[in-house]
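Residues per chain are reported as follows:
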Amino acid sequence: MIVASMMKNAAPSPDDALVIVVDDDEMLRASLSSLLRSIGLKVELFGSAAELLAARLPDMPRCLVLDVRLPGVSGLDFQAQIARSGLAMPVVFMTGFGDIPMTVRAMKAGAVDFLTKPFRDQELLDAVLAAIGQDRARRREEGVLAGLQALYRTLSPREQEVMVLVTAGLMNKQVAARVGLSEVTVKIYRGHVMRKMQARSLADLVRMSELLGLPAAADAAGRP
């Protein structure tokens, strides 16, 4: 499928990913920086949430390693704040005072892991690499969607209409009756859609329709 081929990327290397560490303990920040850099990761260190928000970060696969207890704002509240601010990234929490309700709240909000200090180096590395993997996957999916949206915008309004109906499961004859065209003309429009969307098969086109969020069969066909 063309969608699957769009999802393929070269094997990522650690040095094209960033780990952002926010903790008010300077010694711990330095220790974590040394550990993360030892496996080739880029690292940015901040002593508070405010420092991070004021920084300009490179746009690359990344994750946030965040202490639950921070000056000015709790790590849990900051997790919600960054989710609203457009700084979307997976979060790995660290705490010396963890409890079950706190852990549950963090995980429900999307945290990748919740590590209680002192933790083993490998525990942190595993959590960080899992978080970066999540961010890579999100970025790939967003790239695929942006590409499909660009292709969809090349379709004329009539071609878009035909694509919606065809991918909703209507046959050419049904589409023709619905839009007031001949079946031959619908076939021509359908061919244009396949070519412009770079779809290799109807199944490929249906998958693209799903990713684009086009109307489902019942909606497009006007059926209950």
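Residues numbered from 1 in each chain as written. Predicted model: local features only at pLDDT ≥ 70, side-chain atom pairs only at ≥ 80, totals over all residues. Heavy atoms only, no water.

What follows is about the packing of aromatic side chains. How two aromatic rings sit relative to each other is given by the distance of their centres and the angle of their planes. Under the defined criterion, the tally for this structure stands at one aromatic pair. With a centroid separation of 5.8 Å and an interplanar angle of 40 degrees, the aromatic rings of Phe 93 and Phe 114 are classed as tilted. Here Phe 114 lies in strand S5 (residues 113-116) and Phe 93 lies in strand S4 (residues 91-95), a separation of 21 residues in the sequence. Residue Phe 93 is classed as buried on the basis of its relative accessible area of 0%. (Phe/Tyr/Trp six-rings, centres within 6.5 Å; stacked < 30°, edge-to-face > 60°. Helix = DSSP H or I, 4+ residues; strand = E, 2+ residues; numbered from the N terminus. Buried < 20%, exposed > 50% of the residue type's maximum accessible area, 1.4 Å probe, protein only.)

Listed as buried for helix H10 (residues 202-212) are Asp 204, Leu 205, Met 208, Ser 209 and Leu 212. Take H10 and look down its axis: the buried residues cluster within an arc of 140 degrees, on one side only. Residues of H10 that are exposed and angled more than 90 degrees away from the buried face: Ala 203 and Glu 210. (Arc of directions from axis to C-beta.)

What the rule picks out here adds up to ten salt bridges. What emerges from the salt-bridge pattern is a single network uniting Asp 59, Asp 135, Arg 138, Arg 139 and Glu 142. (Salt bridge = Lys/Arg side-chain N within 4 Å of Asp/Glu carboxyl O.)

Here the largest pocket is characterised by a volume of approximately 210 Å³. If you go around the largest pocket, you meet 14 residues; those closest to its centre are Ala 83, Ala 88, Met 89, Pro 90 and Ala 109. Of all elements in the fold, only helix H4 (75-85) and helix H6 (121-153) reach the threshold of two or more residues within the lining of the largest pocket. With four residues, H4 is the largest single contributor of residues to the lining of the largest pocket. Its residues placed into classes, the lining of the largest pocket shows nine nonpolar, three polar and two charged. (1 Å grid on protein atoms, 1.4 Å probe; cavity = no way out; pocket = protein on both sides within 12 Å on 5 of 7 lines; lining within 4 Å. Points joined across faces, edges and corners; volume = space filled by probe spheres on them. Nonpolar A, V, L, I, M, F, W, Y, C, P; charged D, E, K, R; others polar.)

From the geometry alone we can't say anything about function, so treat these as descriptive.
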